[in-house]
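A structural walkthrough
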2 protein chains.
Amino acid sequence: MKYSAIFAKTTKQTPKDEVSVNAKFLLQGGYIDKLMAGSYTLLPLGRRVERKIEQIIRTEMDKTGAQEVLMPLLHPKEIWNETGRWETAREVMYQFEKNDKSYALSFTHEEIVMDLIRKHVSSYKDLPVKLYHFSTKFRNELRAKSGILRGREFLMKDLYSAHASKEDMTHYYWQVADAYTRAFEKIGLKTIIAEAAGGVFTSEHTHEFQVEAESGEDTIYLAPGWKYAKNKEIMTDEDMARSDVKAITSIEVGNIFPLGLMYSEKMEVMFTDKDGRRKPIWLASYGIGPTRVLGTIVEVSHDGRGIIWPVSVAPYVVHIVSINQDAGALHDKLSSKGVDVLYDDRDAGAGEKLSDADLLGMPVRLVVSAKNAGKIEWKERQTADTELLTEDEVVKRLQELQRSTVTL
Amino acid sequence: MKYSAIFAKTTKQTPKDEVSVNAKFLLQGGYIDKLMAGSYTLLPLGRRVERKIEQIIRTEMDKTGAQEVLMPLLHPKEIWNETGRWETAREVMYQFEKNDKSYALSFTHEEIVMDLIRKHVSSYKDLPVKLYHFSTKFRNELRAKSGILRGREFLMKDLYSAHASKEDMTHYYWQVADAYTRAFEKIGLKTIIAEAAGGVFTSEHTHEFQVEAESGEDTIYLAPGWKYAKNKEIMTDEDMARSDVKAITSIEVGNIFPLGLMYSEKMEVMFTDKDGRRKPIWLASYGIGPTRVLGTIVEVSHDGRGIIWPVSVAPYVVHIVSINQDAGALHDKLSSKGVDVLYDDRDAGAGEKLSDADLLGMPVRLVVSAKNAGKIEWKERQTADTELLTEDEVVKRLQELQRSTVTL
């Protein structure tokens with residue numbers, strides 16, 4: 001791809017109300033555009049990263065046996081009334097009337113998926129059910145200050161599983177926890193699982209996937225001997241008093257909830273078990289926000305000059321900067337070999353092109369210049385070292401790297 | 001994929017208020033579920049078809065040089081006020097207030113894309129811009145009777161192009177028209193381009209992509225010597241009087257609008273041209289609804305027993321029905337060869353399995369039965385003929401067919 005053709009170039013300006021690192025670099029790099037507080041367009045570069053993240057998550061969900069669906073975003077009041085959340089979630093939910101009918105916008109999908117399940121499940125033979133979708137969530141965030149980490153509108157992969165027994169639910173719950181850990185690893189994020197309270201959802205502990213980050217809004221606690229970290233809510237006085245407890249700030253990138261019977265009892269989502277008795281189904285739900293993940297990568301993987309993308313989700317694996325000469329042939333060659341390549345073909349100075357390459361953050365930068373005597377300068381974004389390589393060596397290394405990224 | 005594991009099985013029941021063929025077969029086949037009037041969940045089988053349709057469209061859009069983005073669904077009133085459509089489109093738009101701010105849900109994105117373009121385009125060098133996204137549209141349809149052909153909420157691929165001159169806009173406009181024709185062909189739909197009036201959008205003619213269908217809500221007219229069909233609005237008395245004019249009913253699956261300068265003038269979307277003068281940009285927009293396309297395929301490709309999917313977008317290329325014996329080995333073998341295979345592994349009667357295979361509509365049905373003396377019965381959905389083939393022949397033919405479908 002030629003940089004001259006990409007919609008939205010780098011800019012030095014950032015809106016004054018954007019204080020987060022993710023918003024700053026993503027806006028400056030032309031990855032996102034801001035429509036209003038808490039609402040962003042994914043521009044071509046940003047959409048590429050998000051689609052790669054999505055594909056990694058999809059692959060891991062499919063491996064657990066989950067099936068992809070797409071549920072509506074506009075919901076009738078009646079279904080939300082069944083669990084009482086039309087009232088209890090009023091603050092966070094966008095609700096409105098049109099032609100004497102009341103609607104809510106999706107802020108989550110438990111009620112909708114339960115309505116679906118009660119229509120299609122009648123026997124234990126129909127269970128378990130494992131459904132996920134990638135779709136938009138709307139939440140009325142009063143303070144939307146964290147860039148794309150906390151939007152009024154954002155993308156979410158939500159998975160719901162329904163089971164005949166608590167044992168089956170628990171078994172799958174931990175299978176999804178493993179799938180989440182693997183997905184985040186592939187995306188380039190090291191996650192820590194933290195136990196949390198279930199709040200109004202469940203009396204069981206829920207689990208959060210946290211990424212250590214200076215800028216994180218969350219605090220989690222780690223201590224020797226604990227299997228999982230703990231979030232603030234569930235720390236006891238005894239825990240707090242330990243001298244070996246370590247507190248870290250972090251960003252939550254995913255969460256899983258063993259919801260149990262509450263929804264099925266309120267909504268009468270029943271099945272006939274092997275013993276012929278009608279029983280409520282066991283529900284768990286699981287969420288990852290691809291746009292939040294995108295912002296988190298920037299928060300934890302950047303330097304003073306810009307973003308440092310992991311190869312797996314980088315919009316392009318390599319960024320060609322040519323100085324006083326044309327590198328179109330190299331671009332075409334790499335492209336024909338299946339490498340995701342970005343070529344800065346603009347008629348601009350070397351300084352501007354090099355600083356834009358740092359801001360944009362592709363894993364590898366190639367400099368093509370008459371000074372290099374027929375060789376190409378190879379530099380990886382996260383190091384300061386440069387090497388001079390032949391074109392064949394460059395092609396070989398990039399084809400190797402390309403295997404670690406998602407093909408769109 | 002084993003049919004026993006798929007969420008939502010076939011059913012003989014259809015909601016009474018669903019009169020269309022697409023709703024009947026898609027609901028009975030477990031392709032979609034109805035949440036409320038005009039609002040459907042894409043179930044696993046339906047989502048597979050829709051994702052294949054999406055991928056065909058994406059490929060054709062990319063070939064025209066368009067870039068994929070994702071624009072928000074929740075819009076501030078201020079932007080819609082700039083063109084006056086907050087008032088003029090009030091009937092069709094969902095509008096509401098929250099915390100003293102007024103919002104609209106996306107029913108189209110011209111205003112939003114123009115806001116984006118005016119922030120990022122300043123010179124003729126930044127043009128043309130060609131941006132598309134796949135996202136949700138909301139339209140307040142008072143009568144939602146046509147199944148997924150006309151929903152209150154539906155998926156749309158919308159493309160917007162901005163140009164420095166009318167000539168450049170017109171050139172790209174027809175390039176997109178060709179891309180649309182190709183995409184529909186690959187999807188299995190033969191389209192007719194019909195000229196239509198621009199309505200409030202433009203004084204130029206716009207163009208619709210129509211599929212001939214008995215159940216269509218539209219009527220278009222064809223006559224010898226006309227380059228394009230005409231829709232009702234633009235038929236003159238002279239046209240009507242011709243004895244060689246033929247009227248056909250049809251379903252609109254796409255449309256393209258050479259919008260011109262109206263939006264850029266109202267919203268002050270300007271660029272500096274080569275001559276140094278500030279000029280408004282030329283805008284065109286283009287839409288295809290993947291869910292509407294899905295419904296249209298069912299309307300034009302079915303028989304009394306069920307759906308007949310084109311290979312390109314069929315959820316699975318082949319449907320194995322085993323009679324009194326296990327066909328797990330064949331399923332695994334085809335699967336390992338990369339064939340999209342559905343295997344009805346249920347403990348059900350042959351009659352039920354065969355009629356479900358007809359309802360679900362995969363392009364090829366294989367019957368594995370002791371009666372076939374080691375061979376496999378091959379039947380294509382659209383014909384009545386059967387053949388007995390060896391396993392090797394079956395594998396070879398299916399691998400060939402698999403090349404014509406979209407790999408998810």
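Residues numbered from 1 in each chain as written. Chains lettered and ligands numbered in written order. Predicted model: local features only at pLDDT ≥ 70, side-chain atom pairs only at ≥ 80, totals over all residues.

Examining the overall build of chain A
Quick note on the threshold: Helix and strand assignments come from DSSP, with helices taken as H or I runs of at least 4 residues and strands as E runs of at least 2, each series counted from the N terminus. For a compact globule the rule gives 2.2 Å times the number of residues to the power 0.38, and the radius of gyration it is set against comes from C-alpha atoms. Placing C-beta atoms from the backbone, we regard two residues as in contact once those atoms come within 7 Å.
A count of helices and strands for chain A gives twelve helices and 23 strands. Relative to its length of 408 residues, chain A is compact, with a C-alpha radius of gyration of 24 Å against a globular reference of 22 Å. Put simply, of all contacts in chain A between residues at least 6 apart along the chain, 70% involve residues at least 24 apart.

Structural notes on the interface of chain A and chain B
Put simply, the rule reads: Each residue is assigned to one of three groups, with Ala, Val, Leu, Ile, Met, Phe, Trp, Tyr, Cys and Pro labelled nonpolar, Asp, Glu, Lys and Arg labelled charged, and all others, Gly among them, labelled polar.
Counting residues at the interface gives 35 residues for chain A, matched by 34 residues for chain B. Put simply, the parts of the chain that give the side of chain A that touches chain B at least two residues each are β1 (32-36), β2 (39-42), α2 (44-63), β3 (67-68), β4 (74-76), β5 (95-98), α5 (110-120) and β7 (129-138) of chain A. Along the lines of polarity and charge, the residues of the side of chain A that touches chain B split into 22 nonpolar, six polar and seven charged.

Some remarks on the nonpolar core
Going by this rule: Note on definitions: a nonpolar core is a set of buried residues drawn from Ala, Val, Leu, Ile, Met, Phe, Trp, Tyr and Cys, linked by C-beta atoms within 7 Å. Residue burial here comes from a neighbour count, namely the number of other C-beta atoms, placed from the backbone, that lie within 10 Å of the residue's own C-beta, with 20 or more meaning buried, 12 or fewer meaning exposed, and in between meaning partly exposed.
If you look at the biggest cluster of nonpolar residues, it comprises 202 residues, and the most contacted ones within it are V318 and M362 of chain A together with V318 and M362 of chain B. If we skip the residues at most four places from it in the chain, V318 of chain A touches L334, V339, V341, M362, V364, L366 and L398 of chain A. Listed in part, the 18 residues of the second largest apolar core include L74, M93 and F138 of chain A together with L105 of chain B.

Considerations on the sheet that holds strand β6 (residues 101-105) of chain A
Residue and element names in this part refer to chain A. Rules: At least two bridges found by DSSP between two strands are what make those strands a pair. The axes used here are C-alpha line fits, helices contributing only the stretch in contact, and every angle between their N-to-C directions lies in the interval 0 to 180 degrees.
Strand order across the open sheet formed by three strands is β4-β6-β5, with antiparallel pairing between neighbours. At either margin of the open sheet sits one strand with a lone partner, and together these are β4 and β5. Across the sheet, the mean angle separating the axes of adjacent strands is 40° when strand polarity is ignored. Direction of pairing for β4 relative to β6: antiparallel, over a ladder of three bridges. Paired with H75 across the strands is A104, a residue of β6.

Structural notes on the packing of helix α2 (residues 44-63) of chain B against helix α9 (residues 290-300) of chain B
Residue and element names in this part refer to chain B. How we decide: Reported orientations rely on four angle classes, namely roughly parallel under 35 degrees, roughly antiparallel over 145, roughly perpendicular from 65 to 115, and oblique for the rest. Here is the rule for handedness: rotate from the far helix to the near one, and if that takes an anticlockwise turn smaller than a right angle the crossing is left-handed, while a clockwise turn gives right-handed.
In the contact formed by α2 and α9, the axes pass within 9 Å of each other and the chain directions differ by 115°. On the basis of their axis angle, the class for α2 and α9 is roughly perpendicular. Crossing of α2 against α9: the hand is right-handed. Each of G46, V49, E50, I53, E54 and I57 in α2 lies in contact with α9, whose residues at this interface are P290, T291, V293 and L294. Each residue belonging to the contact of α2 with α9 can be placed in one class, and the counts come to six nonpolar, two polar and two charged.

Here we look at the relation of the copies chain A and chain B
Selection rule: Least-squares superposition of the copies uses the C-alpha atoms of those residues scoring a pLDDT of at least 70 in each of them.
Once chain A is rotated about the relating axis by 180° and shifted along it by 0.0 Å, it coincides with chain B to within an RMSD of 0.0 Å. The two molecules are tied by a two-fold rotation axis, judged by turn and shift. Residue F96 of chain A, judged by its C-alpha, is the member of chain A lying nearest the rotation axis, at 3.0 Å. Comparing interface residues between copies, 97% of those in chain A also lie at the interface in chain B; the contact surface is shared.

Some remarks on the pairing of strand β7 (residues 129-138) of chain B
Residue and element names in this part refer to chain B. Burial within β7 is extensive, with seven of its ten residues counted as buried. The pairing of strand β3 (residues 67-68) with β7 spans two bridges and is classified as parallel. Note on β7: the bridge partner recorded for E68 is Y132. Both β7 and strand β8 (residues 153-163) contribute to a ladder of ten bridges, which runs antiparallel. Pairing of Y132 across the sheet is with L159, part of β8.

A closer look at the domain arrangement of chain A
Residue and element names in this part refer to chain A. Rules: Just so you know, the domain bounds were taken from an automatic or database domain assignment.
Examined at the domain level, chain A breaks down into domain 1 (3-300) and domain 2 (308-402). Its C-alpha centre places domain 1 at a distance of 36 Å from the equivalent point of domain 2. Taken together, the contact pairs 16 residues of domain 1 with twelve residues of domain 2. Mapped onto the side of domain 1 that touches domain 2, the elements with two or more residues apiece are α1 (21-28), α2 and α6 (166-187). The biggest single contributor to the side of domain 1 that touches domain 2 is α2, with six residues. Tallied by class, the residues present in the side of domain 1 that touches domain 2 amount to eight nonpolar, five polar and three charged.

What to know about unusual backbone geometry
All names here are of chain A. Cis peptide bonds are those with omega within 30 degrees of zero, and the linkage from L127 to P128 qualifies with -5°. Summarising the element assignment, P128 is placed in the loop between α5 and β7. Within the chain, D100 stands out as a residue other than glycine whose phi angle is a positive 65°. Within the element layout of this structure, D100 appears in the loop between β5 and β6. With 5 C-beta atoms packed within 10 Å, D100 lands in the exposed category.

Side note on the pairing of strand β10 (residues 206-212) of chain A
Across a regular strand the side chains alternate sides, sitting on one face of the sheet and then on the other. Residues and elements named next belong to chain A. The element β10 is extensively covered by neighbouring structure, given that six of its seven residues are classed as buried. As paired strands, strand β9 (residues 192-196) and β10 are joined by five bridges and run antiparallel to one another. Each bridged residue has a counterpart across the sheet, and for A196 the counterpart in β10 is T206. Where β10 lies against strand β13 (residues 246-260), six bridges are found, and the strand directions are antiparallel. When the sheet's bridge partners are listed, E208 is paired in β13 with N255.

Quick look at the environment of G216 of chain A
Residue and element names in this part refer to chain A. Structurally, G216 can be placed in the loop between β10 and β11 (218-222). Since 20 C-beta atoms lie within 10 Å of it, G216 is described here as buried. Taking the C-alpha atoms as reference points, G216 and T249, 33 residues apart in sequence, are found 5.2 Å from one another. Residues contacting G216, with those up to four places away along its chain left out, are T249, S250 and I251.

Description of the sheet that holds strand β19 (residues 318-323) of chain A
Residues and elements named next belong to chain A. An order of β20-β19-β21-β22-β23 is seen for the five strands of this open sheet, with the pairing classed as mixed. Each edge of the open sheet carries a strand with a single partner, namely β20 (341-344) and β23 (386-389). Recorded for the sheet is a direction-independent mean angle of 25° between the axes of neighbouring strands. Across six bridges, β19 lies against strand β21 (residues 364-369) in parallel orientation. Within β21, the position partnered with V318 by the bridge is V364.

A closer look at the confidence of the model for chain A
To keep it simple, the criterion reads: Residue-level confidence of the predictor is summarised by pLDDT, bounded by 0 at the bottom and 100 at the top.
Model confidence for chain A is summarised by a mean pLDDT of 96, while 99% of its residues fall at 70 or above. Prediction confidence for the complex, expressed as pTM and ipTM, is 0.97 and 0.97 respectively.

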